[in-house]
Amino acid sequence: MKRVLIASAIVATISVCGVASAKHAGHEMRHHEPVHNMIKHLRGLSLSDAQREEIKGLVSTFKTANPRPVFAENDIPEFELATASEAQLTEFVTQKITAKEATFFALAQLRHDIFNVLTSEQQALMLAREEKREAKRESRMQSRQESNERREAHFAKRGQSHERGHPMPFRGLDLSDEQKATLATLREDMKDAMATHRETMRSFKEAQQALIRSSAFSKDAFDALVAQYKDELVNAGVAKAKHHQAMFAVLTEAQQNTLKEKRKEERALRDIFRS
C-alpha cells in the first residue's frame, strides 16, 4: 500500500515536467489534455478554414503517433518504495522522466507547428492572452497561499492542528496530536524545497515556450533544454518521494490498513469510468 501511494506522489511530481500542465484526472484523460488546452486557446483568433484544416491534420497525426497508454498502477518497481534507498528512488524517478521525454518533445513539436500556422497578428493575440492567463494564475496561487498561511496561523495561535491541513490521503484517519504535530513539521520542512522547485519549473516552462516559438526549434535544441533541467527534476522527484516516506512512517499499522481500503475503493470507482 505504501508503495502505491508513494509511487503516485512521484508520478505526480514528474508529470509537471511536460510542456503543458494537466489537471487532476484519470491517467488516460491526462494523456491528451495538453492537446485539448492547445485547441481551447485558439478560440477567438478568427482562424480561416484552411488554418482549421491544417491544425486538425496536425492534431490527428499527433494522436495517431501518440496513443493513450494502457493504464497501469503507476508502473510500480520491484522494490518497496516505502523503504527504498535514495539510489533506488533516483533510478526510478530518472527512468520515469526519461520514458516521458519522447511525449514531451511530441507535444512541443505540435505546439511549434500550430503556432506557425497562425498569422503574426494571431500569434501576438495568443501571446497577449497567455500573459493575462499567467498573471491570473499567479494571483490565484498567491491568494491561496496567503489564505492557507492565515488559516495555519489561526489554528497555531489556538494551539490546534486542523485536519484540513493534512495531505488528502490522511484525512479521516483519527490522527493523534503527536502525529499531527510530526506531519506539520514535515510539511514545514518541505516548503522551502518545493518553493525552489516551483521557481525551477517556472524557468523551465518559460524556456520551453520561448524555444517552441523560435525558428531555432529542433529536437536537438529541445533535448538540450531538457538535459539542462533534468538533474533538478530528478532531485525534486526524489525529495518528494523521501518526504512521503517520512510521512507514511508516522502512521500506525491500523491507519495504513485504512489507507489500503480507501485506495481499493478509489481504484474500483475509477474502473467504472474505464470500463
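Residues numbered from 1 in each chain as written. Predicted model: local features only at pLDDT ≥ 70, side-chain atom pairs only at ≥ 80, totals over all residues. Heavy atoms only, no water.

**A short note on the pattern of salt bridges**
Point 1. Enumeration according to the criterion identifies 8 salt bridges in this entry.
Point 2. Where Glu86 meets Lys242, a salt bridge forms, and the shortest distance between an N and an O atom there is 3.0 Å. Taken together, the residues Glu86 in helix α4 (residues 86-117) and Lys242 in helix α7 (residues 219-249) connect sequence positions 156 residues apart.
Point 3. Among the ionic pairs, Lys205 bridges to Glu134, the shortest N-O distance being 3.6 Å. Here Glu134 lies in helix α5 (residues 120-157) and Lys205 lies in helix α6 (residues 177-212), a separation of 71 residues in the sequence. (Salt bridge = Lys/Arg side-chain N within 4 Å of Asp/Glu carboxyl O. Helix = DSSP H or I, 4+ residues; strand = E, 2+ residues; numbered from the N terminus.)

**Here we look at α6**
Point 1. Given a rise of 1.5 Å per residue, 36 residues ought to cover 52 Å, and the 50 Å separating the end C-alpha atoms of α6 matches this to within 8%.
Point 2. Lys191 marks the point of greatest bend in α6, at about 35°.
Point 3. Those residues of α6 lying buried are Gln179, Lys180, Leu183, Leu186, Met190, His197, Thr200, Met201, Phe204, Gln208, Leu211 and Ile212. (Expected span 1.5 Å × (residues − 1). Bend = angle between axes of the 7 residues up to and from the residue. Buried < 20%, exposed > 50% of the residue type's maximum accessible area, 1.4 Å probe, protein only.)

**Quick notes on the nonpolar core**
Point 1. If you look at the biggest cluster of nonpolar residues, it comprises 20 residues, and the most contacted ones within it are Phe204, Phe217 and Phe222.
Point 2. Looking at this core, the elements with two or more residues in it are α4, α6 and α7.
Point 3. Looking at this core element by element, the count peaks at 8 residues for α7.
Point 4. In terms of nonpolar packing, the next biggest core, distinct from the first, is built from 16 residues, Leu47, Phe62, Ala106 and Ile114 among them. (Core = buried A, V, L, I, M, F, W, Y, C linked by side-chain atoms within 4.5 Å.)

**Quick notes on unusual backbone geometry**
Point 1. Even without glycine at this site, Ser46 takes up a positive phi of about 55°.
Point 2. When you line up the elements, Ser46 lands in the loop between α2 (27-40) and α3 (49-65).

**Comments concerning the environment of Phe115**
Point 1. Inspection of the secondary structure assignment puts Phe115 in helix α4.
Point 2. Linking Phe115 and Ile55, residues 60 residues apart in sequence, is a C-alpha distance of 9.5 Å.
Point 3. If we ignore the near neighbours within four places in the chain, the residues touching Phe115 are Gln123, Met126, Leu127 and Arg213. (Contact = heavy atoms within 4.5 Å.)

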